[in-house]
Amino acid sequence: MMRRILRLVACALIISGVLLPLIPQMVWSFATNWFFPALLPPQWGFKAWRYVLSPSSQVGEALWNSIGVAVLVVLLAVVIGLPAARVLGLQQFRGKQMVTWLLTAPLFVPTIVVIMGIHIVFIRYGLADTFLGVVFVHLIPALPYFILLMSSVFANYAIEFEETARTLGASAMRTFWHVTLPAIWPGLTVAMLFTFLVSWSQYITTVLIGGGRVVTLPMVLFPLISAANHTNAAAVSLVFILPAILILILTSHALDSNASAIGGLGRL
Amino acid sequence: MTTVQVQALSKRYNAITAVKGLELTVKSGELVALLGPSGCGKTTTMRMIAGLLPPTTGDILFDGRSVLAIPAERRGAVMVFQKHLLFPHMNVAENVGFGLKMRGLAKAEIARRVHAMLELVQLTGFEQRRAQALSGGQQQRVALARALVIEPQVLLLDEPLANLDANLRLEMRWLIRTIQKALGITTIFVTHDQEEAVMLADRVALLVDGTLQQFDEPRAFYERPRSTTVARFFRNENFLAGIKRGNQVQTEVGTLTVECGDELADGAVFLTMRPEHVLINSPQTTNVLAATVDTVLYMGSYLQVQIQIGTVRWVINTAANADVQPGCPIRIQLPPSQLWLVPADG
Amino acid sequence: MPLLGLQTPTIRHYVALFTDPSFATSFLLTLYLAATSTMLAMILAVAAAMLLRRAFLGSRIVTVIFQLPLPVPHLVAAAGMVLLLTQSGLFARILYGTGLLERPNQFPVLVFDRWQIATILVYLWKEVPFIGLVVLAILNSIGQEYEEIAQTLGANRWQRFRYVLLPLITPGLVTTGIIVFAFVFGSFEIPLLLGQRYPNVLPVTAYRAYVDPDLQQRPVAMAIGVVITAMVMLLLSLPLRYSRHIGKRK
């Protein structure tokens, strides 16, 4: 009996703890003039949403930029990262520990530090203040993340499937398309979605390298929070969070079965 | 030393009844084998006795007192599983001493008892080793030591030897038997191997499909099986249908004399005799039947002969040098003292 | 790796840095932030994992909700915290409504404050599910048989946790904890947003030096950056050494 009560309390704590930072925001975005000490908005309105939709808020522009950058980052990560992850996951070679460590280091070296150093390079190569530059700078944390996740997928992958296909006469291309891809697809989708999120959440990298020319959603959100502009910040927040929630729904069942990916992170 | 009583024990999982109305009494210091094919409810029963699983109905008593309300950690019934499950982060001494540590014994006392127990299982000197560094047999001996050192009321062994290879199994059976007798701990031993059950147990409880078929000393399963199910489990497929009248049984191949069956009513029965008791070319004249030899298999230390008597097939185990040829007629004799009757619907 | 591209390498800046008391304050603040966030996150994560490991009525929903923070960007969490925790925020209003509070400034300062309370809460919100999932995966792979054996050997619930479960989850837990610590140590955006202008954590100090119109501050920024990197690298080498140590004990 006592257990059940404790369990109930714990569940309530988890649910409220998770939802408390989120629900009020949703409410606030539909409020007008919601000041202390009112517990509920005295007036409801779409002021914040009108702001969001107006071009002067740059939300529309930022949304497209964020999506565009993130999609490109994912594509590049797959193209560059998949072969690397395959090698890392399937093969053993001298110095593998070192390479793994080197590859994952950018994940943890604080991006702020990396940016300060890389900025000069970007300026020199004309990448500063450009869309492409932002894509590249997002790749710095995104690519290792992708490689790490995919290498653990490959580690659980049986290369015998491919060998069988090859002996049955399939070319490399067809083997990849018909054998490899379907086998790694679940892990690949999770990796792609989380790589998307890495790029989606980038702030300071975009600010410094984009130089204010490339505007993304976090860049719109940050000053709104800083200025305590609650209603508008809440609305932009909701726009910002939408893909994230979609992603969670899409991957939640895959996450259960791919706990190995998360567990892989724990085995780092 | 504890007696264990199981009364009307049942376990139901939604539509499936794993254990049906089990009644069992294990005497103090006795080793009872729970025998049966996989999935017959043996492990479920053990877990209920240990307190790891609540029964759906029924009661479990230790020394005449119900233990259903007592949680597993205080029941005093210790389990040893098929997987040794030695704690991987502890060495042998820490594993064995675990139960004592949970009871709050002093370190010196724990060390002393652990040492004594390791001697008993013939693993002196292994204190510092890690579980992974041991062989299968050694691991099971540590698991056994871990269970015994806390002097439990009841020892529950769930197919502990199933993962070991054949030779090791024989060794370990001896060890378990010797230690159990020496310490006098009431023990229940689960196995699917009838040889093992017969060798180790004071009494055997045969479970098939969650129901108790027979609870007897080992010999009875061979000489006095209660039903065709029991006989079959102990590798006796020799049955002959007949009608019983007194001590005569009429069958399709003749009338046979029996010395048993007083408690069975006259009427339809099955005659049965173990393969090793059927005689070929015997000088006796009672219960002699004509049969034809089907096949002869050389088994090394004996010959397995499959014969046809009337419409039924029987198996005979006879001397390896017997003169038997496939396809030939043969005269078999069924000594009345070893002919047994089971109910027709058994 | 950061390049000191502006002038010939010199240790002049490092010397200046280590003798500057505000650097020490910033460093200690960063350590405090990372340590508190990580410690609390680990404890809460283990508690949550212990709760969610066995199925019960509604456990599936709770587990899904528990994972909700994972894909949510930190900024959104920060926005939420601001709404809740400022002196005119939701919690203050609830307290006012129940009569425990009379004026907004009686509510403690939790945002834009020196102790980075709101920042810690943001990191807790994000990291507890992360560590929790790792621990859950470990618990699932352990299974419940070890605990059952311990139970029949007389161990009660707490003993089973302390002597059987905890040692088995510690390696994974510690590794994940180190990752989280390194991440929080080097993180910049949330402390910038929710902390005070001064003092703030090292990455923020570095950033301010970097964007300072006085270009002489650039090398200082770089120097701070190197210190941060060194610290993070040091931390990340620990799991390697730790797992080798564990391996040796076997």
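Remember, it's a predicted structure, so these values are computed and weren't measured experimentally.

Enquirer: Outline the interface of chain C and chain B, listing residues and values.
Expert: Opposite the 15 residues of chain C that make contact, chain B presents 19 residues. Of all elements in the fold, only helix H7 (145-152) and helix H8 (157-185) of chain C reach the threshold of two or more residues within the side of chain C that touches chain B. Counting residues per element, the side of chain C that touches chain B draws most heavily on H7 of chain C, at 6 residues. The residue makeup of the side of chain C that touches chain B, split by class, is 7 nonpolar, 5 polar and 3 charged.

Enquirer: Outline the domain arrangement of chain B, listing residues and values.
Expert: Residue and element names in this part refer to chain B. What the domain assignment lists for chain B is domain 1 (4-228) and domain 2 (236-343). One C-alpha centre belongs to domain 1, the other to domain 2, and the line joining them spans 39 Å. At the junction of the two partners, domain 1 supplies 6 residues and domain 2 supplies 6 residues. Tallied by class, the residues present in the side of domain 1 that touches domain 2 amount to 2 nonpolar, 2 polar and 2 charged.

Enquirer: How would you sum up the sheet that holds strand E11 (residues 239-245) of chain B? Please name residues and give values.
Expert: Residues and elements named next belong to chain B. The antiparallel open sheet is built from 5 strands, whose spatial order is E13-E12-E11-E14-E20. Both edges of this open sheet fall to strand E13 (254-257) and strand E20 (340-343), since each of them pairs with a single strand only. This sheet shows a mean twist of 40 degrees between the axes of neighbouring strands, independent of strand direction. Across 4 bridges, strand E12 (residues 248-251) lies against E13 in antiparallel orientation. Each bridged residue has a counterpart across the sheet, and for Gln 250 the counterpart in E13 is Thr 255.

Enquirer: Tell me what's going on with the pairing of strand E4 (residues 57-62) of chain B, and back it up with residues and numbers.
Expert: Residues and elements named next belong to chain B. Direction of pairing for strand E1 (residues 4-13) relative to E4: antiparallel, over a ladder of 5 bridges. Paired with Gln 7 across the two strands is Asp 59, which belongs to E4. Note: E4 against strand E5 (residues 65-66), 2 bridges, orientation antiparallel. Counted as the bridge partner of Leu 61 is Ser 66 from E5.

Enquirer: Kindly report on helix H5 (residues 107-120) of chain B, identifying the contributing residues and their values.
Expert: When the terminal C-alpha atoms of H5 of chain B are compared, their 20 Å separation across 14 residues agrees well with the 20 Å that a helix rising 1.5 Å per residue should span. Downstream of H5 of chain B by one or two residues, Gln 122 of chain B has phi in the positive range, about 60 degrees.

Enquirer: How would you summarise the environment of Leu 86 of chain B if you had to cite specific residues and measurements?
Expert: Residues and elements named next belong to chain B. Examined against the element boundaries, Leu 86 turns out to sit in the loop between strand E6 (77-80) and helix H3 (92-96). Residue class for Leu 86 comes out buried when judged on the 25 C-beta atoms lying within 10 Å of it. Residues within four places of Leu 86 in sequence aside, it is in contact with Asn 95, Ala 131, Gln 139, Val 142 and Ala 143.

Enquirer: Let's hear about the environment of Ala 147 of chain B: which residues, and what values?
Expert: Residues and elements named next belong to chain B. Relative to the elements of secondary structure, Ala 147 occurs in helix H6 (residues 136-148). When the 25 C-beta atoms within 10 Å are taken as the criterion, Ala 147 is described as buried. Sequence separation of Ala 147 and Gly 97 is 50 residues, and the distance between their C-alpha atoms is 9.5 Å. Residues within four places of Ala 147 in sequence aside, it is in contact with Val 78, Val 80, Pro 152 and Leu 155.

Enquirer: Would you mind going over helix H3 (residues 59-67) of chain C in detail, with residue names and values included?
Expert: All names here are of chain C. Of all the residues in H3, the buried ones are Val 62, Thr 63, Phe 66 and Gln 67. The arc that holds every buried residue of H3, seen down its axis, measures 135 degrees, which confines them to one face. Exposed positions of H3 whose direction lies more than 90 degrees from the buried face are Arg 60 and Ile 61.

Enquirer: A description of the confidence of the model for chain C should follow, citing residues and the corresponding values.
Expert: Residues and elements named next belong to chain C. Per-residue confidence for chain C gives a mean pLDDT of 82; residues scoring 70 or more make up 89%. The lowest-confidence element of chain C is helix H1 (residues 12-19), averaging 69 in pLDDT; the highest-confidence one is helix H6 (residues 117-142), averaging 92. Every residue in residues 1-7 is under pLDDT 50, and counting partners more than four places away or in other chains gives 16 contacts. Both scores are available for the predicted complex, with the pTM at 0.81 and the ipTM at 0.80.

Enquirer: Quick rundown of the arrangement of the chains? Include the residues and the values.
Expert: The pair of protein chains exhibiting the most contacts, out of 2 pairs of chains in contact, is chains A and C. Across all C-alpha pairs, the smallest distance from chain A to chain B is 15 Å, and the two are not in contact.

Enquirer: Pulling in residues and values, what's your account of the packing of H6 of chain C against H8 of chain C?
Expert: Residues and elements named next belong to chain C. Where H6 meets H8, the axes come as close as 10 Å, and the angle between the chain directions of the two elements is 160 degrees. In terms of axis orientation, H6 runs roughly antiparallel to H8. For the element pair H6 and H8, the recorded crossing hand is right-handed. Contacts from Tyr 123, Glu 127, Ile 131, Val 134, Val 135, Ile 138, Leu 139 and Ile 142 in H6 reach Leu 168, Ile 169, Gly 172, Leu 173, Thr 176, Val 180 and Val 184 in H8. Each residue belonging to the contact of H6 with H8 can be placed in one class, and the counts come to 12 nonpolar, 2 polar and 1 charged.

Enquirer: Please set out the environment of Gly 212 of chain A residue by residue, giving values where relevant.
Expert: Residues and elements named next belong to chain A. Here Gly 212 lies in the loop between helix H10 (204-210) and helix H11 (217-226). A tally of 10 C-beta atoms within 10 Å means that Gly 212 is categorised as exposed. Along the primary structure Gly 212 and Arg 50 are separated by 162 residues, whereas in three dimensions their C-alpha atoms are 24 Å apart.

Enquirer: Outline the pairing of strand E10 (residues 211-216) of chain B, supporting the account with residue identities and numerical values.
Expert: Two strands pair when backbone bridges link them, and strand E9 (residues 203-208) of chain B and E10 of chain B are joined in this way by 5 bridges, in the antiparallel orientation. Counterpart to Ala 205 of chain B in the pairing with E10 of chain B is Phe 215 of chain B.

Enquirer: Any details on the sheet that holds E9 of chain B? Residues and values, ideally.
Expert: All names here are of chain B. Taken in spatial order, the 6 strands of this open sheet run E6-E7-E8-E3-E9-E10, and their pairing is mixed. Both edges of this open sheet fall to E6 and E10, since each of them pairs with a single strand only. If you compare each strand with its neighbour and ignore which way they point, the axes differ by 20 degrees on average. Relative to E9, strand E3 (residues 31-35) is paired through 4 bridges, and the arrangement is parallel.

Enquirer: If you had to explain the packing of helix H4 (residues 74-85) of chain C against H6 of chain C to someone new, which residues and values would you point to?
Expert: Residue and element names in this part refer to chain C. The geometry of H4 relative to H6 is characterised by a closest axis approach of 9 Å and an angle of 130 degrees between their N-to-C directions. Accordingly, the angle class assigned to the pair H4 and H6 is oblique. As for the relative orientation of H4 and H6, their crossing is right-handed in sense. Packed against H4, whose contacting residues are His 74, Ala 77, Ala 78, Met 81 and Leu 85, the element H6 presents Ala 118, Leu 121, Val 122, Trp 125 and Lys 126 at the interface.

What counts, and at which threshold
Sequence order as written defines the numbering, with residues in each chain counted from 1. All chains are assigned letters beginning at A, and all ligands numbers beginning at 1, according to the order in which they are written. Totals for whole chains, interfaces and linings use all residues, but because this is a predicted model, local features are given only for residues with pLDDT of at least 70 and pairs of side-chain atoms are given and counted only at 80 or more. Contact between two residues is assigned when their C-beta atoms, built from the backbone, lie within 7 Å. Note on conventions: DSSP H or I runs of at least 4 residues are helices, E runs of at least 2 residues are strands, and numbering of each starts at the N terminus. Three classes are used: nonpolar for Ala, Val, Leu, Ile, Met, Phe, Trp, Tyr, Cys and Pro, charged for Asp, Glu, Lys and Arg, and polar for all others, with Gly counted as polar. Source of the domain bounds: an automatic or database domain assignment. The pairing criterion for strands is at least two bridges between them, as found by DSSP. A fitted line through C-alpha atoms represents every axis, and for helices the fit uses only the stretch in contact; the resulting angles, taken between N-to-C directions, go from 0 to 180 degrees. By this rule, a helix spans an expected 1.5 Å times one less than how many residues it contains. Between the buried cut of 20 or more and the exposed cut of 12 or fewer other C-beta atoms within 10 Å of a residue's own C-beta lies the partly exposed class, and all C-beta atoms are placed from the backbone. The arc in question is the one spanned by the directions pointing from the helix axis to the C-beta atoms. Values of pLDDT, ranging from 0 to 100, describe the predictor's confidence in every residue of the model. In these notes the angle categories are as follows: under 35 degrees is roughly parallel, over 145 is roughly antiparallel, 65 to 115 is roughly perpendicular, and the rest is oblique. Left-handed describes a crossing in which the near helix is turned anticlockwise from the far one by less than a right angle; the clockwise case is right-handed.

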